[in-house]
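If you want the building blocks of each chain, they are given just below.
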Amino acid sequence: MHAAMIIKMARTLLIAPVALAAACASVPRGEAAPTAAFALAAPVGFSPNVRSLGFERRIAGEAPERNVVRLRAAADDGSLDILALSGGGANGAFAAGFLVELGARGARPQYEVVTGVSAGALIAPFAFLGSDWDPELRDAFLGGASEGLLRSRGLGVLFWPGVNSGEPLRELVDTIVTDAMIEAVARESARGRILLVATTDLDRQEPVLWDLGAIAAQGGEAAKALFRDVLVASASVPGLFPPVIIEASAAGARYDEMHVDGGATTPFFFAPAIAYFDSDAIEGLAGANVFVLISGPLRAPARTTPQATIPILSRSFSTLMMHMTRTAIAATSAYAGRQGMRFHLAAMPPEAAEEDWLDFRHEHLASVFAIGVRRAAEQRPWLDAEEALVAATQ
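Since we're looking at a predicted model, the values are computed, not measured.

**Some remarks on the overall build of the protein**
Okay, step 1: The helix and strand inventory of the protein stands at 13 helices and 10 strands.
Okay, step 2: Taking all contacts inside the protein whose residues are at least 6 apart in sequence as the whole, residues at least 24 apart take part in 77%.

**Thoughts on helix 8 (residues 179-190)**
Okay, step 1: For helix 8, which comprises 12 residues, the first-to-last C-alpha distance of 17 Å matches the rise-based estimate of 16 Å (1.5 Å per residue) to within 8%.
Okay, step 2: The set of residues buried in helix 8 consists of M181, I182, A184, V185, A186, E188 and S189.
Okay, step 3: Once helix 8 ends, the next one or two residues include G192, with phi positive near 110°.

**What to know about empty space enclosed by the protein**
Okay, step 1: Applying the stated criterion across every chain, the model contains two cavities of 30 Å³ or more.
Okay, step 2: The computed volume of the largest cavity comes to approximately 270 Å³.
Okay, step 3: The wall of the largest cavity is formed by 18 residues, among which I59, P64, F270, A271 and P272 lie closest to the centre.
Okay, step 4: Among the elements of the structure, helix 3 (64-74) and strand 5 (194-201) are those that each provide at least two residues to the lining of the largest cavity.
Okay, step 5: Considering each element in turn, the lining of the largest cavity owes the most residues, four residues, to helix 3.
Okay, step 6: Class assignment of the residues belonging to the lining of the largest cavity gives a composition of 15 nonpolar, one polar and two charged.

**Quick word on the packing of helix 7 (residues 167-176) against helix 10 (residues 220-234)**
Okay, step 1: Orientation of helix 7 relative to helix 10, taken along the N-to-C sense of each, is 130°, at an axis distance of 10 Å. The angle between helix 7 and helix 10 places the two elements in the oblique class. Viewed along their axes, helix 7 and helix 10 form a crossing whose handedness is right-handed. Along its contact with helix 7, which presents L169, R170, V173 and D174, the element helix 10 presents R228, D229, L231 and V232.
Okay, step 2: Residues of the contact of helix 7 with helix 10, tallied by class, amount to four nonpolar, no polar and four charged.

**Regarding the environment of A96**
Okay, step 1: Looking at the element boundaries, A96 is found in helix 4 (residues 92-104).
Okay, step 2: Overall, the relative accessible area of 0% leaves A96 in the buried class.
Okay, step 3: Each C-alpha atom, one on A96 and one on A127, is 8.8 Å from the other, the two residues being 31 residues apart in sequence.
Okay, step 4: Discounting residues that sit within four places of it in the chain, A96 has contacts with I123, L137, F141 and F369.

**A short note on the confidence of the model for the protein**
As a note on interpretation, predicted positions should not be read in detail where pLDDT is low.
Okay, step 1: Of all residues in the protein, 84% attain a pLDDT of 70 or more, and the chain-wide mean is 84.
Okay, step 2: Every residue in residues 1-25 is under pLDDT 50, and counting partners more than four places away or in other chains gives 26 contacts.

**Section: the packing of aromatic side chains**
Aromatic ring pairs: the centre-centre distance and the angle between the two ring planes describe each pair.
Okay, step 1: In the structure shown here, the tally under the stated rule is five aromatic pairs.
Okay, step 2: Ring geometry for F98 and W382: centres 5.1 Å apart, planes at 75°, overall edge-to-face. Here the residue F98 occupies a position in helix 4, and W382 occupies one in the loop between helix 12 (362-376) and helix 13 (385-393), the gap between them amounting to 284 residues. We note that F98, like W382, is buried.
Okay, step 3: Relative to Y335, the ring of F270 has its centre 5.8 Å away and its plane inclined at 55°; by these criteria the two rings are tilted. Of this pair, F270 sits in the loop between strand 8 (253-261) and strand 9 (289-294) while Y335 sits in helix 11 (residues 309-338); the two residues are 65 residues apart in sequence, bridging distant segments of the chain.
Okay, step 4: Assessed through its relative accessible area of 9%, F270 is described here as buried.
Okay, step 5: Its guanidinium or amino end placed over the ring of F128, R193 lies 4.2 Å from that ring's centre, counting from NZ or CZ.

**Thoughts on the nonpolar core**
Okay, step 1: Among the nonpolar cores identified, the biggest contains 72 residues, and L83, L85, I215, F227 and L293 are the most heavily contacted of them.
Okay, step 2: Apart from residues no more than four positions distant in its own chain, I215 is found in contact with F46, V50, W210, A223, L226, F227 and V230.

**Some words on the environment of G88**
Okay, step 1: In this structure, G88 sits in the loop between strand 3 (81-85) and helix 4.
Okay, step 2: Accessibility expressed as a relative area gives 21% for G88, which makes it partly exposed.
Okay, step 3: Distance in space between the C-alpha atoms of G88 and G296 is 6.2 Å, their sequence separation being 208 residues.
Okay, step 4: Those residues within four positions of G88 in sequence are excluded, and the remaining contacts are A119, S295 and W357.

**Considering the side chain of S236**
Okay, step 1: Within the secondary structure, S236 is located in the loop between helix 10 and strand 7 (244-250).
Okay, step 2: Setting aside residues no more than four positions away along its own chain, S236 makes contact with L169, F241, P242, V244, V260 and D261.

**With respect to the side chain of D201**
Okay, step 1: Relative to the elements of secondary structure, D201 occurs in strand 5.
Okay, step 2: Despite being buried, D201 has no salt bridge partner; R204 is the closest side chain of opposite charge, sitting 5.4 Å away.
Okay, step 3: A polar contact of 3.2 Å, which involves the side chain of D201, links it to the backbone nitrogen of R204.

**Things to note about helix 10**
Okay, step 1: Taking 1.5 Å per residue, 15 residues should reach 21 Å; helix 10 reaches 22 Å between its end C-alpha atoms and fits that length.
Okay, step 2: Among the residues of helix 10, A223, L226, F227, D229, V230, L231, V232, A233 and S234 are the ones counted as buried.

**Considerations on the pattern of salt bridges**
Okay, step 1: Inspection of the entire model under this criterion finds 16 salt bridges.
Okay, step 2: With a shortest N-O distance of 2.9 Å, D229 and R170 are connected by a salt bridge. Within this pair, whereas D229 is found in helix 10, its partner R170 is found in helix 7, the two being separated by 59 residues in sequence.
Okay, step 3: A residue is classified by how much of its surface remains accessible, and D229, at 15% relative accessible area, is buried.
Okay, step 4: R361 is the salt-bridge partner of E363, the closest N and O atoms lying 2.9 Å from each other.
Okay, step 5: Counted as one network, the salt bridges with shared partners bring together D76, E188, R191 and R193.

Thresholds, definitions, all that
Residues numbered from 1 in each chain as written. Predicted model: local features only at pLDDT ≥ 70, side-chain atom pairs only at ≥ 80, totals over all residues. Heavy atoms only, no water. Helix = DSSP H or I, 4+ residues; strand = E, 2+ residues; numbered from the N terminus. Contact = heavy atoms within 4.5 Å. Expected span 1.5 Å × (residues − 1). Buried < 20%, exposed > 50% of the residue type's maximum accessible area, 1.4 Å probe, protein only. 1 Å grid on protein atoms, 1.4 Å probe; cavity = no way out; pocket = protein on both sides within 12 Å on 5 of 7 lines; lining within 4 Å. Points joined across faces, edges and corners; volume = space filled by probe spheres on them. Nonpolar A, V, L, I, M, F, W, Y, C, P; charged D, E, K, R; others polar. Axes fitted to C-alpha atoms, helices over the stretch in contact; angles between N-to-C directions. Parallel < 35°, antiparallel > 145°, perpendicular 65-115°, else oblique. Left-handed = near helix turned anticlockwise from the far one by under 90°. pLDDT = per-residue confidence, 0-100. Phe/Tyr/Trp six-rings, centres within 6.5 Å; stacked < 30°, edge-to-face > 60°. Lys NZ or Arg CZ within 6 Å of the ring centre and 35° of its normal. Core = buried A, V, L, I, M, F, W, Y, C linked by side-chain atoms within 4.5 Å. Lys, Arg positive; Asp, Glu negative; His and termini not counted. Salt bridge = Lys/Arg side-chain N within 4 Å of Asp/Glu carboxyl O. Polar contact = N/O pair within 3.5 Å; in protein donor to acceptor, adjacent residues only side chain to side chain.

The following block contains the structure:
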């Protein structure tokens, strides 16, 4: 971890007791929807079908069987391909470099379904729209807009949630979410393809899967604003960035929902969590490809952890995320196997993985982007299910 970042985090720890004492100064918000009303609640001006909870069987407003029919019809090459993008903070540059290099080599199919969490949510629209958008994807990570993401609030943390201001992240997402992107996502969604990202609803403590295609299809400034808010929320690491409040309505009542990083509940996904417990075969999924792209290592080389608060916190967090990811890989590959789907995985090599997932300096992002390029340029950039599980445990 770089000295400047250590100093920044140390200052945060020093003011934490004061921040706790000032908890009564928290920013006011409206009430969250009660449990009975949540199923009917929807972002103001939108249908409830623009999202689903992680434990619901439906996705994108329909049962899986209906979606598969639409997806098969949209698969121009006859192959149903699904891409799931993990979070990873600054390590998201790995996935960006990987996808750009696959596109340059003509080795990237049209993905009928793209899902993203956290940093993966910011990449997902570009992956969904295809290689023609690779220049914009490269610029999102290497264009310099990420340099100032960690803008400390200083003593402002006493009065506003989040150690850092949320404005730099919102400004970055504003450069990503253009009118042209909204129109293109809506057009591809109309063909039957699906673009999903996850946030975490802190009030319900559950993942929420957002259908960005359905949001984009509504058009206008409201669609662009909600599209942007969902991406910002999915990438807002709790505590580091403020949560995103999304106003919802149900039965004539208005509610405030608090959404944060999707990675708080799932490292990646390609189906609702409940699907992994469903043993019934879904017609049309056999032979489909599931590609899981992890912006982080599946294992890490041993190293001596300093007996100090900051290194221990950082190491503990990365350990938690690594093991959550392994568990999700095992569940996903097992589900794919039951459905007759082909499972593929790519992740940062352990020897190249960077622990400093909050280093958004240009030179660091360029280095991680290059690791993704090199990984995609290998003869076999994707591992199969058995190889992926071996790589995660050895």
